Structure formats: C-alpha cells, structure tokens
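Notes for the structure review
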Amino acid sequence: MNQDRPGKPAQPGQRGQPNQPGQPAQPNQPGQRALPGQRALPGEPALPGQPGADRRWLAEAIGLSARCQPSESAFSVGAIIVGADGRLFGQGYSRQSDPQDHAEEVALRQAEAGGSALSGATLYSSLEPCLRRVSRPIPCAELTLTSGVKRVVIAWLEPPIFQPGGGAAWLAERGVEVIELPDLAAEAMAINQALLDRY
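Residues numbered from 1 in each chain as written. Predicted model: local features only at pLDDT ≥ 70, side-chain atom pairs only at ≥ 80, totals over all residues. Heavy atoms only, no water.

Time to look at helix 2 (residues 103-113). Those residues of helix 2 not exposed but buried are Ala103, Glu104, Glu105, Val106, Ala107, Leu108 and Ala111. As for helix 2, its buried residues are in contact with strand 2 (78-82), strand 3 (88-93), strand 4 (122-125) and helix 3 (140-147). Taken from the residues just after helix 2, Gly115 is the one with a positive phi, measuring 75°. (Buried < 20%, exposed > 50% of the residue type's maximum accessible area, 1.4 Å probe, protein only. Helix = DSSP H or I, 4+ residues; strand = E, 2+ residues; numbered from the N terminus. Contact = heavy atoms within 4.5 Å.)

The structure is reproduced here in structure tokens:
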C-alpha cells in the first residue's frame, strides 16, 4: 500500500451538468453530477493520483452514499470508478436498484456495461470494499480485484459490526494500491451515524 499525501495507507482491521458520454462536463448546476464518460470540469484536478484529484473523487463518492435508502443491517456507501485519463466510468451507491446492491458492484457493473477497460482505473469508495457478505456470494473486494482495478481510495475502514472488515488489506496483499484518506472519514461516517450509534 502506498501513501498519497495527505492520506495514509489503509491498515487491516456534484460535478458537471449531465451530458453525452465521452463529452467534457459542462458547468455544474446544484444537485447535478457528471455522467459516465465525462471528465471533470476544466481547472479541477481529475486524473487519479494528482494532488487534489483523489480528494475530489472520494468526496463525490461520499456524496453518493447520502442517496442510499436507510438500512438497519448495512452501511450506506458510495463508489465511483475513474479511468487514468480522468474519465468517469461508473458510479453507484448501496441499495441503488436492489436491496442487496453494494456500491462497488453497482459502479463496476456500470463500468463494464459501458465497455470500459479497468486495468488503469481507480475505485473511490466511501468505505473499504467488503471482504465478506451474506447478501451475495462474491464480496466487493474480490469483484474489485477480478475487474482489473489496480488502485482503490477509501475514506474509512469497515468497523466490525456486520462483518469483520479487512477488504483493504486483502486487496493490498494482492498488489492493489490502497489509499485511505482519513480526513474524509468523518463525513462518510456521519451518513452512517444512526448505525454506529445503535451498535
């Protein structure tokens, strides 16, 4: 796991007006987001790994997590997949179209349906990808690895409430670069505060 200032390596344990895919994003309007195939606005850091870009895309993923339907047995998570050229390949959030949906799998499905090659892509997720789950047989960490994504940026590690966590460490052990930006964790955790307070 590599360090990306000001983040730290993970340890075990609305941008753009809707547009045609592949076209540059237009000036943003309140409540509107970039669509798959779009790039960030001119002047905004967009390329994964650039100063400020990881923070920008992760903040966008956290914003998606606020759209989740409430659940008493699952976290609210948002995820975005961005190509090395700064193009948005896919995005999703927990329970987006099915109560069993996890954010990462929704974003991966969208990216793959669009024919995007994910080998140079970065996955931004408001919570580390799950390593274990009961809702479906393949956890998000495994889906991420098999997709070809080589870089994952997260806001916080999964607390051992529903499952033991560990997806970030598992991915790192298999050669995926995992970066945690803990200064964005409070925002991601606030969306899940009712669950955290209950447990």
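Structure shown, so let's carry the discussion forward.
Ranked by internal contacts, the top residues of the largest apolar core, which has 46 residues, are Leu58, Ile81, Leu118, Val152 and Trp156. In terms of residue count, helix 1 (residues 53-65) provides more of this core than any other element does, 6 residues in total. Apart from the residues within four sequence positions on either side, Ile81 is in contact with Arg87, Leu88, Phe89, Gly90, Ala107, Leu108, Ala111, Leu118, Ala121, Thr122 and Leu123. (Core = buried A, V, L, I, M, F, W, Y, C linked by side-chain atoms within 4.5 Å.)

A separate point is the pattern of salt bridges. If you walk through the whole model with that rule in mind, you get 11 salt bridges. When the shortest N-O distance is used, the salt bridge between Asp183 and Arg55 registers 2.6 Å. Here Asp183 is found in the loop between strand 6 (177-180) and helix 5 (185-191), whereas its partner Arg55 is found in helix 1, with 128 residues between them in sequence. Looking at Asp183, the relative accessible area reads 45%, which means it is partly exposed. Three or more residues joined by partner-sharing salt bridges are found here, namely Asp98, Asp101, Glu105, Arg109, Arg133 and Arg136. (Salt bridge = Lys/Arg side-chain N within 4 Å of Asp/Glu carboxyl O.)

The next subject is the pairing of strand 3. Burial runs high along strand 3: 6 of the 6 residues are buried. The pairing of strand 2 with strand 3 spans 5 bridges and is classified as antiparallel. Residue pairing across strands places Ala79 opposite Gly92, the latter belonging to strand 3. As consecutive antiparallel partners, strand 2 and strand 3 are separated by 5 residues, and within that stretch Gly86 has a phi angle of approximately 85°, a positive value. (Pairing = 2+ DSSP bridges.)

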